[in-house]
Amino acid sequence: MKRHFADYLFRSYRKRKAVNSTMYLVLIVATLIALVPLFSIFGYVLAQGAPALNKSFFLELPKPVGEAGGGMANAILGTVTLVFLASLLGVPWGIATGLYLSEYGRGRLASVVRFCADMLASIPSIIIGLFVYALVVMTMKRFSALAGGLALGILMIPTVARSSEEMLKLVPQHIREAGLALGLPRWKVTLMIVLKGIRGPIVTGVMLSVARASGETAPLLFTAFNNRFWQGRLDQPISSLPVQIYTYAISPYDDWHRQAWAGALILVLLVFAMNLITRVVLAPKARKS
Amino acid sequence: MPGVVRAKNRPVREIHYGDRVFAGILKIPAAGLALLLLSIAYFLYRAASPVIVKHGWAFLTSSTWDPVRDVYGALPVIYGTVVSSFIAIVIATPLSVGVALFLTEIAPRRTGRVFGFLVEMLAAIPSVVYGLWGIFVLAPWLRTSVEPFFKTWLGFLPFFSGPPYGVGMLAAGIILAVMITPTISSIAREVFSAIPLQQREAALGIGATRWEMMRLAVLQSSRRGLTGAVILGLGRALGETMAVTMIIGNRHEVSLSLFAPGSTMASIIANEYAEATTDTHVAALVEVGLVLFAVTFVINSIARLFLSRSGNR
């Protein structure tokens with residue numbers, strides 16, 4: 001230990017004990033302060049959002065400026081569409097990367113891939129939006145649901161990859177060895193024993209990243225843009241819940257503010273529920289390892 | 001992992017022909033990630049090139065941002081990004097270390113699990129919801145109570161001068177602090193739990209109180225990991241977009257006062273994309289994005305360096 005530790009021992013016991021209790025208090029207070037925003041947000045979202053959640057919120061289109069009422073039906077459907085498109089890209093790519101990292105994750109390529117996945121995960125999401133804007137929107141010359149789905153999909157890849165790698169690592173090595181000892185080729189062991197055995201947790205991880213993606217706003221602003229009507233075509237701008245919340249929140253109308261809170265309530269409940277489910281499903285598995 | 005047959009760090013050598021194909025196929029999406037990262041850099045550069053050619057390095061040092069006259073300088077937004085992230089780090093670092101210490105060293109197991117879950121929830125709330133809360137709860141509170149308080153007692157400092165708007169640099173910094181606290185504290189928790197139990201027992205064994213044990217056995221030996229955690233939090237704060245856009249006030253001026261509205265690199269992109277009608281305006285916004293991309297890339301690489309050396313990740 002350090003030399004100055006001796007100083008501690010010579011100090012009076014009572015003083016040290018007082019410092020100890022004070023620091024206990026400080027740490028507990030720090031934790032409580034950190035959690036104040038959580039409870040405040042949850043409280044406000046519930047109090048402001050719940051009254052505005054009615055049938056028309058789920059079933060109606062937004063009303064023109066100045067008219068009360070209307071809903072976010074198209075935005076809800078839009079978010080579902082976008083997240084579906086995103087999953088088409090992000091889920092297979094992410095799981096395949098996770099498989100590569102967990103089953104073949106040695107050597108130089110693997111460390112490069114790990115580095116890239118880490119970097120991709122930490123790039124601000126608005127940069128992904130700009131990238132898709134430069135890649136797709138500038139070429140197609142219009143905002144589209146496809147562009148929005150692409151942006152969300154790229155965002156999903158690293159999170160899905162990381163969570164599936166973690167899950168695949170939970171499969172004990174002797175399971176793989178048992179399969180190989182039976183003479184099965186490694187690809188069969190990987191796909192039909194390892195992946196199949198751990199698919200539940202992997203699906204949970206995927207759903208968690210889907211929940212995260214459905215709350216993303218920044219990458220959608222200039223890819224999927226927004227739309228006040230129902231949208232059936234994927235090459236047209238499409239509205240989404242987060243973008244609609246943003247638009248309504250910065251507007252000057254009280255009725256729109258109420259709807260923004262209601263939309264926020266839906267997003268928060270979705271994310272909370274997914275996190276809670278993940279906790280419950282994964283907790284026993286993680287403890288065993 | 002209990003690897004029995006394989007040598008460490010040696011790629012798997014395949015016997016079956018199908019396995020070689022399988023390994024090759026799996027390499028495609030994995031290597032694709034590297035390609036994706038490169039193409040992000042390339043496409044941003046290409047889209048920004050008109051402004052890069054026109055302004056060169058002056059883009060970073062000029063403080064005029066005037067789309068009407070087609071003059072673009074990123075200094076105000078860089079300043080805004082640095083200041084808001086700095087406020088966030090100053091608030092979030094002690095708070096997150098406190099949270100992590102409480103969760104790993106003090107809290108009983110079950111309490112720790114509940115509180116740990118709650119802190120994680122803080123990270124899961126969508127950014128736009130933070131922004132909504134910021135507009136309608138945080139900003140009014142700052143305007144009516146916090147900022148007048150600072151003004152009365154510290155108003156002689158240039159940082160606390162000017163009218164209290166509520167929205168502005170301080171609000172953005174505070175909301176960023178809330179958002180990065182779970183990031184920093186979860187990594188700090190990992191760093192703390194990687195410290196061997198014996199080290200704590202040794203400290204307690206020679207008569208240290210629990211707090212002294214935390215200082216000597218936990219905090220002393222996790223400085224490097226904590227630095228990495230804070231840098232990672234900084235990386236997140238720099239690029240946070242929606243909440244900041246909604247609460248920072250969006251004005252492109254360098255002002256010393258923390259009450260004054262400002263803008264950050266991320267917020268200017270989100271705020272002006274709709275008004276960007278000329279090609280150069282779009283290109284200027286993309287160049288801001290390119291700078292942000294480069295900065296966060298460097299910051300996150302540094303964080304990774306710190307965290308991998310300390311034996312975490």
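Residues numbered from 1 in each chain as written. Chains lettered and ligands numbered in written order. Predicted model: local features only at pLDDT ≥ 70, side-chain atom pairs only at ≥ 80, totals over all residues. Heavy atoms only, no water.

## A word on the overall build of chain A
Threshold: Secondary structure elements are defined from DSSP: runs of H or I of at least 4 residues count as helices, runs of E of at least 2 residues count as strands, and each element is numbered from the N terminus. Using C-alpha atoms as the atom set, the radius of gyration is obtained and then compared with a globule rule of 2.2 Å times the number of residues to the power 0.38. Three exposure classes are used, based on accessible area relative to the maximum for each residue type with a 1.4 Å probe and protein chains only: buried under 20%, partly exposed in between, and exposed over 50%. We call two residues contacting when some pair of their heavy atoms lies within 4.5 Å. Exposure was quantified through the Shrake-Rupley algorithm and a 1.4 Å probe, taking into account, for residues, occlusion by the shown protein chains and nothing else.
The number of helices and strands found in chain A is 13 helices and zero strands. Counting from the amino terminus, helix and strand elements in chain A follow one another as α-α-α-α-α-α-α-α-α-α-α-α-α. Here the C-alpha radius of gyration of chain A, 24 Å, is well above what a compact globule of 289 residues would show, namely 19 Å. With respect to the three principal axes, the spread of C-alpha positions in chain A is 75 × 65 × 35 Å. Out of the 289 residues in chain A, the part that is buried amounts to 52%. Pairs at least 24 apart in sequence give 73% of the contacts found in chain A among residues at least 6 apart. When the accessible surface of chain A is summed, it comes to about 13,100 Å², and 67% of that surface belongs to carbon and sulfur atoms.

## Some words on the overall build of chain B
The condition is simple: Positive charge is attributed to Lys and Arg, negative charge to Asp and Glu, and no charge count is given to His or to the chain ends. Where a charge sits is defined by one atom per residue type, namely NZ (Lys), CZ (Arg), CG (Asp) or CD (Glu).
Check the secondary structure of chain B and you find 12 helices and two strands. When the helices and strands of chain B are read in sequence order from the N terminus, they spell out α-α-β-β-α-α-α-α-α-α-α-α-α-α. Structurally, chain B occupies a C-alpha span of about 70 × 60 × 30 Å along its principal axes. Relative to its full complement of 313 residues, chain B shows a buried share of 55%. Entry remark: accessible area of chain B is about 13,700 Å², with carbon and sulfur atoms responsible for 65%. In chain B, which carries 25 positive and 16 negative side-chain charges, the distance between the mean positions of the two groups comes to 12 Å.

## Considerations on the pattern of salt bridges
Under the convention used in this document: One speaks of a salt bridge when a side-chain nitrogen belonging to Lys or Arg is within 4 Å of a carboxyl oxygen belonging to Asp or Glu.
Considering all chains together, one arrives at 14 salt bridges over all chains under this definition. Measuring nitrogen to oxygen at the nearest pair gives 2.8 Å for the salt bridge that ties Arg304 of chain B to Asp118 of chain A. Taken together, the positions of Arg304 of chain B in helix α12 (residues 279-309) and Asp118 of chain A in helix α5 (residues 107-122) put the pair across two chains. Overall, Arg304 of chain B belongs to the partly exposed group, its relative accessible area being 27%. By relative accessible area, which is 17% here, Asp118 of chain A ends up buried. A salt bridge links Arg200 of chain B to Glu105 of chain B; the nearest nitrogen and oxygen atoms lie 2.9 Å apart. Within this pair, whereas Arg200 of chain B is found in helix α7 (residues 197-205), its partner Glu105 of chain B is found in helix α3 (residues 75-106), the two being separated by 95 residues in sequence. Like Arg200 of chain B, the residue Glu105 of chain B is buried in the burial classification. Three or more residues joined by partner-sharing salt bridges are found here, namely Arg114, Glu165 and Lys169 of chain A.

## Here's the deal with the interface of chain A and chain B
Using the following cut-off: Here a polar contact means two N or O atoms within 3.5 Å. Within protein one must be a hydrogen donor candidate and the other an acceptor candidate, and residues neighboring in sequence count only if both atoms are side-chain atoms. When residues are grouped by polarity, Ala, Val, Leu, Ile, Met, Phe, Trp, Tyr, Cys and Pro land in nonpolar, Asp, Glu, Lys and Arg in charged, and all others, Gly among them, in polar.
Across the contact, 93 residues belong to chain A and 92 residues belong to chain B. Viewed at the interface, chain B and chain A are joined by three salt bridges. Run the count over chain A and chain B and you get 11 residue pairs in polar contact (both at pLDDT 80 or more). When the residues that make up the side of chain A that touches chain B are grouped by side-chain class, the tally is 66 nonpolar, 14 polar and 13 charged.

## What about the nonpolar core?
What counts here: The nonpolar core is taken to be a set of buried Ala, Val, Leu, Ile, Met, Phe, Trp, Tyr and Cys residues, with the residues joined through side-chain atoms within 4.5 Å. Where each domain starts and ends follows an automatic or database-derived domain assignment.
By size, the foremost hydrophobic cluster in this structure holds 191 residues, and its most contacted members are Ile126 of chain A together with Ile40 and Tyr130 of chain B. Tallying contributions element by element places helix α6 (residues 169-193) of chain B first for this core, with 16 residues. Lining this core are residues from two domains, each supplying at least three of them: domain 1 (14-52) and domain 2 (77-240) of chain A. For Tyr130 of chain B, the residues in contact, after removing those within four places along its chain, are Ile41 of chain A together with Leu122, Ile125, Ile175, Val178, Met179 and Ala243 of chain B.

## A closer look at the domain arrangement of chain A
According to the domain assignment, chain A consists of domain 1 (14-52) and domain 2 (77-240). Computed from C-alpha coordinates alone, the two centres of domain 1 of chain A and domain 2 of chain A are separated by 35 Å.

## Observations regarding helix α5 (residues 127-154) of chain B
Note the following rule: Expected helix span is computed as 1.5 Å times (number of residues minus one). Take the seven residues that end at a residue and the seven that start at it, fit an axis to each, and the angle between those axes is the bend at that residue.
With 28 residues, α5 of chain B should cover 40 Å at 1.5 Å per step; its first-to-last C-alpha distance of 31 Å lies more than 12% under that length. At Gly134 of chain B, α5 of chain B is deflected by roughly 50 degrees, the largest bend along its length.

## Here's the deal with the packing of aromatic side chains
Here is the rule: Note on aromatic pairs: the rings of Phe, Tyr and Trp (six-membered ring only in Trp) are paired at centre separations within 6.5 Å, and the planes decide the class, stacked below 30 degrees, edge-to-face beyond 60, tilted for the rest.
Going through the model one piece at a time under the given rule, you end up with 21 aromatic pairs over all chains. Arranged with centres 5.4 Å apart and planes meeting at 75 degrees, the rings of Tyr42 of chain B and Phe43 of chain B form a pair that is edge-to-face. Accessibility expressed as a relative area gives 17% for Phe43 of chain B, which makes it buried. Aromatic rings pair up to connect Tyr133, Phe143, Phe222 and Phe225 of chain A together with Tyr273 of chain B into one cluster.

## Looking at the confidence of the model for chain A
When pLDDT is low, close inspection of the predicted coordinates is not appropriate. Rule in force here: The quantity called pLDDT is the predictor's confidence in a given residue, expressed from 0 to 100.
Per-residue confidence for chain A gives a mean pLDDT of 88; residues scoring 70 or more make up 94%. The least confident element of chain A is helix α1 (residues 5-10) of chain A, whose mean pLDDT is 62; the most confident is helix α7 (residues 145-170) of chain A, at 94.

## As for the environment of Phe272 of chain A
Position of Phe272 of chain A relative to the elements: it lies in helix α13 (residues 254-288). In the structure, Phe272 of chain A is positioned 87 residues away from Pro185 of chain A in sequence and 41 Å away in space, judged by C-alpha atoms. Excluding residues within four positions of it along the chain, Phe272 of chain A makes contact with Leu38 and Phe42 of chain A together with Met121 and Ile125 of chain B.

## A word on the environment of Leu36 of chain B
Considering the arrangement of structural elements, one finds Leu36 of chain B in helix α1 (residues 17-55). Under the relative-accessibility criterion, Leu36 of chain B is labelled buried at 10%. Excluding anything up to four places from it in sequence, Leu36 of chain B contacts Trp93, Leu120, Phe131, Ile154 and Ile157 of chain A.

## As for the packing of helix α2 (residues 13-49) of chain A against helix α8 (residues 210-219) of chain B
Put simply, the test is: Working convention: axes come from line fits to C-alpha atoms, limited for helices to the stretch in contact. Angles between N-to-C directions cover 0 to 180 degrees. Any angle that is under 35 degrees is reported as roughly parallel, and any over 145 degrees as roughly antiparallel; angles of 65 to 115 degrees are reported as roughly perpendicular and all others as oblique.
Look at α2 of chain A against α8 of chain B: their axes get within 7 Å of each other, and the N-to-C directions meet at 75 degrees. Regarding the angle of α2 of chain A to α8 of chain B, the classification is roughly perpendicular. Residues Arg16, Val19, Asn20, Met23, Tyr24 and Leu27 of chain A of α2 of chain A pack against Arg210, Trp211, Glu212 and Met214 of chain B of α8 of chain B. Partitioning the contact of α2 of chain A with α8 of chain B into residue classes produces six nonpolar, one polar and three charged.

## Some words on the packing of helix α8 (residues 173-181) of chain A against helix α9 (residues 186-197) of chain A
Residue and element names in this part refer to chain A. Quick note on the threshold: Each crossing is labelled by how the near helix is turned from the far one, with a counterclockwise turn of less than a right angle marking it left-handed and a clockwise turn marking it right-handed.
Across the interface, α8 lies against α9 with an axial gap of 9 Å and an inter-helix angle of 130 degrees. It follows that α8 is oblique to α9 by the angle criterion. The two elements α8 and α9 meet at a crossing, and its hand is right-handed. Residues Ile175, Arg176, Gly179 and Leu180 of α8 lie in contact with α9, whose contacting residues are Arg186, Val189, Ile193 and Val194. The residue inventory of the contact of α8 with α9, partitioned by class, reads five nonpolar, one polar and two charged.

## A closer look at α5 of chain A
The end-to-end C-alpha separation of α5 of chain A is 23 Å, in line with the 22 Å expected for 16 residues at 1.5 Å each. Buried within α5 of chain A are the following residues: Ala110, Val113, Cys116, Ala117, Asp118, Met119 and Leu120 of chain A.

## Here's the deal with a nonpolar patch on the surface
What counts here: What goes into a patch is any residue over 30% in relative accessible area without a salt bridge, connected to like charges within 9 Å or, for nonpolar side chains (Val, Leu, Ile, Met, Phe, Trp, Tyr), within 5 Å.
Taken together, the side chains of Leu25, Val29 and Ile33 of chain A make up a nonpolar region of the molecular surface, amounting to roughly 270 Å² of accessible area. Along the chain, the position of Ile33 of chain A falls in helix α2.

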